[in-house]
Amino acid sequence: MNARDAARKLLLATTSTEQPEWRTAFTTDGTDEPTGIAPVCPDEDHEPDDGSVYPCCPEPAIECDSHKVAAYLVELLNADRGAA
Ligand SMILES: [Zn+2]
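Residues numbered from 1 in each chain as written. Predicted model: local features only at pLDDT ≥ 70, side-chain atom pairs only at ≥ 80, totals over all residues. Heavy atoms only, no water.

Colleague: Explain the coordination of the zinc ion here, please?
Modeller: Around a metal, the perfect tetrahedron of four donors has angles of 109.5 degrees, and the perfect octahedron of six donors has angles of 90 or 180 degrees. The protein atoms donating to the zinc ion are C41 (SG), H46 (ND1), C56 (SG) and C57 (SG), with metal-donor distances spanning 2.1 to 2.4 Å. Note that the zinc ion binds four donor atoms; their angles at the metal cover 98 to 117 degrees, and the shape is tetrahedral. Counting the intervening residues between successive donors of the zinc ion yields the motif C-x4-H-x9-C-C. In this pair, H46 sits in the loop between β2 (36–39) and β3 (62–63) while C57 sits in the loop between β2 and β3, placing the two residues 11 residues apart along the sequence. The buried category is assigned to H46, whose relative accessible area is 8%. Given a relative accessible area of 9%, C57 falls into the buried group. (Donors = N, O, S within 2.8 Å, 3.2 Å for Na, K, Ca; no water. Tetrahedral: all angles 85-135°; square planar, octahedral: opposite > 155°, others 65-115°. Helix = DSSP H or I, 4+ residues; strand = E, 2+ residues; numbered from the N terminus. Buried < 20%, exposed > 50% of the residue type's maximum accessible area, 1.4 Å probe, protein only.)

Colleague: Hey, could you run me through unusual backbone geometry in this one?
Modeller: Trans peptide bonds make up most of the peptide bonds, and negative phi angles are found at most residues other than glycine. With an omega of 0 degrees, the peptide bond running from E59 to P60 counts as cis. Note that P60 resides in the loop between β2 and β3. Positive phi is not limited to glycine here, since D65 has a value of about 70 degrees. Here D65 is to be found in the loop between β3 and α2 (67–80).

Colleague: Even after reading the chapter, I still don't get the pairing of β2, so can you show me in this structure?
Modeller: Along a regular strand, successive side chains alternate from one face of the sheet to the other. Judged by which residues are buried, β2 turns out to be covered on both faces: G36 and A38 on one side and I37 and P39 on the other are all buried. As paired strands, β2 and β3 are joined by two bridges and run antiparallel to one another. Counted as the bridge partner of I37 is I62 from β3. (Pairing = 2+ DSSP bridges.)

Colleague: What am I meant to see in the layout of surface pockets here?
Modeller: Space left empty within the atom packing is revealed by a probe, the size of a water molecule, rolled over the atoms. The calculated volume of the largest pocket comes to roughly 220 Å³. Residue lining of the largest pocket: 14 residues in total, with A7, R8, L11, W22 and L77 positioned closest to the centre. Those elements that place two or more of their residues in the lining of the largest pocket are α1 (3–15) and α2. The element contributing the most residues to the lining of the largest pocket is α1, with five residues. When the residues that make up the lining of the largest pocket are grouped by side-chain class, the tally is eight nonpolar, one polar and five charged. (1 Å grid on protein atoms, 1.4 Å probe; cavity = no way out; pocket = protein on both sides within 12 Å on 5 of 7 lines; lining within 4 Å. Points joined across faces, edges and corners; volume = space filled by probe spheres on them. Nonpolar A, V, L, I, M, F, W, Y, C, P; charged D, E, K, R; others polar.)

Colleague: Sorry if this is basic, but what is going on with the environment of P20 here?
Modeller: By the secondary structure assignment, P20 is in the loop between α1 and β1 (22–25). The class for P20 is buried, based on a relative accessible area of 7%. P20 has contacts with L11, T15, P39, N78 and R81, leaving out every residue within four places of it along the chain. (Contact = heavy atoms within 4.5 Å.)

Here it is, written out as structure tokens:
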């Protein structure tokens, strides 16, 4: 099993979909920009433009140490959705 398939199995368990949409997220307190990534939260009470991570949010929330890297990874991961 390659890394993509292995990750999709994990994501299926945590997000109920193998290929969740990703967002940038505030995974560290006190940063001006979201420096992490997380799957888009399906909770209807979680506003889509709220970049915080709450107990309602699916795992994994991943700290990337840079909002630019986080934004780039979100683009990559979302572009990969639907790819074989
Ligand atoms: Zn949430």
